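# Structural overview
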Amino acid sequence: MTDPSALSSVIAQYHKHGWELKHCIARAASFEKLKAECGEAGHNVPIENGPVDGVWFARRSMPDRISWELRRLTEPPFALLTIMPDTFTDQQKVAALKEIEVRMAASESRDAAS
């Protein structure tokens, strides 16, 4: 997990490039800490339970598509991206985001084993 100033730095870096913070995910063990860090940093976004500690950003990548990027908050820094057409239903969007979260958790497990 990161500290509030590091979290704000990550968010500022993404914002500079046109990304919008959409929500955060956290493992049960770090949920309350991430919630407090987001509050201290002044970011009022939903925080959900997830398989990793991370932040979701989104930005329009094409007129009919939105890019979503999950940025891991643990070391080493890592991000995964998915691009969704505007025609996706809410159920398809949720499924695509959950798939990225599972992939991120798998990569974190591999990093820990190295």
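Residues numbered from 1 in each chain as written. Predicted model: local features only at pLDDT ≥ 70, side-chain atom pairs only at ≥ 80, totals over all residues. Heavy atoms only, no water.

## A look at unusual backbone geometry
- Residue P76 follows E75 across a cis peptide bond; omega there is -5°.
- Residue placement: P76 occurs in the loop between β4 (65-72) and β5 (79-85). (Helix = DSSP H or I, 4+ residues; strand = E, 2+ residues; numbered from the N terminus.)

## Regarding the environment of S109
- Note on placement: S109 falls in helix α3 (residues 90-113).
- Residue S109 is classed as partly exposed on the basis of its relative accessible area of 48%.
- As for S109 and C24, which are separated by 85 residues in sequence, their C-alpha atoms are 20 Å apart. (Buried < 20%, exposed > 50% of the residue type's maximum accessible area, 1.4 Å probe, protein only.)

## Remarks on the packing of aromatic side chains
- Following the criterion strictly, the structure yields 3 aromatic pairs and no others.
- Their ring planes at 5° and their centres at 4.1 Å tell us that Y14 and F57 sit as a pair that is stacked. On the criterion of sequence distance, the pair formed by Y14 in helix α1 (residues 4-16) and F57 in strand β3 (residues 54-62) is long-range, its members being 43 residues apart. Here Y14 matches F57 in class, with each residue buried.
- Note on W56 and W68: the rings are 6.0 Å apart at their centroids and 75° apart in plane angle, and the pair reads as edge-to-face. In this pair, W56 sits in strand β3 while W68 sits in strand β4, placing the two residues 12 residues apart along the sequence.
- The exposure class assigned to W56 is buried, which follows from its relative accessible area of 0%. (Phe/Tyr/Trp six-rings, centres within 6.5 Å; stacked < 30°, edge-to-face > 60°.)

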